[in-house]
Structure formats: C-alpha cells, structure tokens
Amino acid sequence: MTFNKDSFVEKLHRLSVRQESIQSLSLWLFHYKKHANVIVETWLEELEKAKASDKLKFVYIANDVVMQGKKKGAEYVDAFKPVLAKALHNVFSHGSDKMKSSVLRVISIWQERRIYPSDYLNGLKVATASEDGEVSDLIHKDFGLPIDKIGLFESLRQQEQEMERLESSLKTISNLPPSIFDLSSAESLSKPTDIHAGLQIRNSTMKDIEQVVEELKAFVSATEPLKEELNRCISQEKQGIAKTQSQMHSTKEKLQKMREHRKELQQHVASLPDDDAIEIDLAGDLPDIGDLFGPTTTPTTTTATATA
C-alpha cells in the first residue's frame, strides 16, 4: 500500500479522544507500519502545531499504537521512542492539570505493560515536566569514558595563562611605531649604518610577529579539542543529574506504592475481629481428671438365644 501523508494529516485533524475514533485510526496505521518513521515524524509535526485542547488525542493515538505494537510489530514502538520526550513535554507544557495527569497516566501504563525499559520511562516522566524536555534522551546518550576533571581544569588553567601571554605579545606589537613596517622610511635614511640598523630592527620585529602568529595558530589548534572535551564534561555532568532525577522519581513512586500497601494492610488489620470481643470462660468447672481417664463401663447387652 502507498502511504499518503496528506490523508494521514486529514485523519489526525478529524481524530477525537473517543475510543472508537482512536482504535479506527490505529487500525489504519498498522496497514502502513513500514512507513512508521515518516508517520511518527508527521505525527510530531501536527502535534506541535495543534492547539492545546487538541494535543491529548495525539498522545492517545500514540498510546494505542505502541500498545498494539507488542502484538502487531515493534515498528511504531521503535519509531516513537526517540520523539516521545519532546512530544510529551510539548503536551505537558501547554496542557491543563487534567491533561498533565493523563499524560503521566499513559507513561505509568507503559511501565505496567513494560512497553519500554523502566529507566527510559522514569527519564521520560522527568523530561515531560522539565524545562527543555531533553532529560530522557540525555540519559541514554553515550558521552564516552568519564572525563578526568582535575586534568581538564589544569589544561584550562594553562590555556588561560597562554592566552594572557599572547595578549601581552599582541599588545606589544600593536604599540610598535608604524615606521618599522614602512620600507620607504628606511630609504629616507642617509647613512648606510642607519639603514642597516633600521632593517635589522624591522627584520627582528617581523620574526617576532611570525613567532607570535605561529603561537596563535598552536593556541587555536589546542583550544578546539579542549573545547570539545569541556562540552563532553558538561554533558556528562548533566547526564549524571538527569539520572539522579530519574532515580529520585522512581524512588518516590516506590514510596507512594509502599504507602498505599501500608494503608491497605492497616484497613485489613482494622477489619479483623477484636480479640477482646471473643470471650472464653476459663472460670467455670472443668471435668475431673478421673472422669477423663477412669475405667470405662461397658454396657450389658442381652442376647436372645434362639431355640433351634
């Protein structure tokens, strides 16, 4: 089947939050699951353009598709994963408290059904309510081996010192008299010794300038990898913070579940019968031990003998 983007956009515009409408479009989408990446890209574009009151239906159709994806193929599960943080953050940031609750509920359902890994979904919850919506993606990026921060800061300090030295050299060069760079001024000198001395000063100055230029090139060359390493260090620190936020969110959820279980247990205990309400009479007469273990009397049985 040939996928028609305009037809899909039209269906999204006509979509409502009613279950029948969601399931109908979901069924239609699975006929074009080989176009999952294009469909999800279009879905995100239309979600971002939609007015706030219409954004929730985009979440519901995504939910139905990824839930069905466990049985009908993982194309949509994989296609939605990279964009969910951005999409749900968009809905969350423009929605009412009720819409925000619905978004978080959808993520919780994905956790219960194990649609995505738990750490990804914990990060997704944090990203949804964050300022930039990038936390979830940040958690799963690979920024290489941990940066040696002490070594990095020492390199930055040395680079700053080198920059200060180069600035001083450039300032010295800029303060040189213009005549040093003007060959015609040397020609105006009458004595050969003066001409020779002037040229020597000029040539020496030019060598100094050339050296400073080479040092500047080396400085710029060393700055680029240092800048990349610094950016990677910052990303690793942000990633660490994001993971901590995700773990905190997961811990809060577990704590909330423990509180719910505790409340249920307390209600169960409260429903049990009260020990004080069960009365056992231990003050009455007990049977005599002889009555319990004395000889038993066998009743006499009269047997009628028949006369043969």
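Coordinates for the structure precede this section.
Now for a quick tour of the structure.

Below, the discussion takes up helix H10 (residues 149–174). Every α-helical turn comprises 3.6 residues, leaving residues that sit three or four positions apart pointing alike. Helix length check: H10, at 26 residues, gives a terminal C-alpha distance of 37 Å against a target of 38 Å (1.5 Å per residue), a fit within 8%. All buried positions along H10 are accounted for by Leu-152, Gln-159, Leu-166, Ser-169 and Ile-173.

A cluster of nonpolar side chains, Leu-265, Val-269 and Leu-272, forms an exposed patch at the surface whose accessible area comes to about 280 Å². Given the relative accessible area of 51%, Leu-265 is considered exposed.

Over its 17 residues, helix H7 (residues 97–113) runs 24 Å from end to end, which matches the ideal 24 Å to within 8%, given 1.5 Å per residue. One or two steps after H7, the chain reaches Arg-114, where phi turns positive at roughly 55 degrees.

Within the largest apolar cluster, 48 residues are counted, with the highest numbers of intra-cluster contacts made by Trp-43, Phe-80, Trp-110 and Tyr-116. Every element with two or more residues in this core is listed here: helix H1 (5–14), helix H2 (19–30), helix H3 (36–49), helix H4 (55–72), helix H5 (75–80), helix H6 (84–94), H7 and helix H8 (118–128). Among the elements that make up this core, the one with the highest residue count is H4 (8 residues). Once residues within four sequence positions are removed from consideration, Tyr-116 is found in contact with Val-66, Tyr-76, Val-77, Phe-80, Lys-81, Leu-84, Trp-110 and Leu-121.

Before going further, it helps to examine the packing of aromatic side chains. Under the definition given, this model contains 10 aromatic pairs. Ring centres of Phe-8 and Trp-28 lie 6.1 Å apart, and the angle between their planes is 15 degrees; this geometry places the pair in the stacked category. Of this pair, Phe-8 sits in helix H1 while Trp-28 sits in helix H2, and the two are 20 residues apart along the sequence. The exposure classification of Phe-8 matches that of Trp-28, with both residues buried. For the ring pair Trp-43 and Phe-80, a centre distance of 4.8 Å and an interplane angle of 85 degrees mean the geometry is edge-to-face. Here Phe-80 lies in helix H5 and Trp-43 lies in helix H3, a separation of 37 residues in the sequence. With respect to burial, Trp-43 and Phe-80 carry one shared label: buried. Here the aromatic cluster, defined as three or more aromatic residues joined through ring pairs, consists of Phe-3, Phe-8, Trp-28 and Tyr-32. Over the face of the ring belonging to Phe-30 we find Lys-72, whose NZ or CZ atom lies 5.1 Å from the ring centre.

You can see Thr-42 is positioned in helix H3. With a relative accessible area of 1%, Thr-42 lands in the buried category. In this structure Thr-42 touches Lys-5, Phe-8 and Val-9, once residues within four positions along its chain are discounted.

Criteria and cut-off values
- Residues numbered from 1 in each chain as written.
- Predicted model: local features only at pLDDT ≥ 70, side-chain atom pairs only at ≥ 80, totals over all residues.
- Heavy atoms only, no water.
- Helix = DSSP H or I, 4+ residues; strand = E, 2+ residues; numbered from the N terminus.
- Expected span 1.5 Å × (residues − 1).
- Buried < 20%, exposed > 50% of the residue type's maximum accessible area, 1.4 Å probe, protein only.
- Patch = residues over 30% accessible without salt bridge, like charges linked within 9 Å, V, L, I, M, F, W, Y side chains within 5 Å.
- Areas by Shrake-Rupley, 256 points an atom, 1.4 Å probe, with all protein chains shown as cover.
- Salt bridge = Lys/Arg side-chain N within 4 Å of Asp/Glu carboxyl O.
- Core = buried A, V, L, I, M, F, W, Y, C linked by side-chain atoms within 4.5 Å.
- Contact = heavy atoms within 4.5 Å.
- Phe/Tyr/Trp six-rings, centres within 6.5 Å; stacked < 30°, edge-to-face > 60°.
- Lys NZ or Arg CZ within 6 Å of the ring centre and 35° of its normal.

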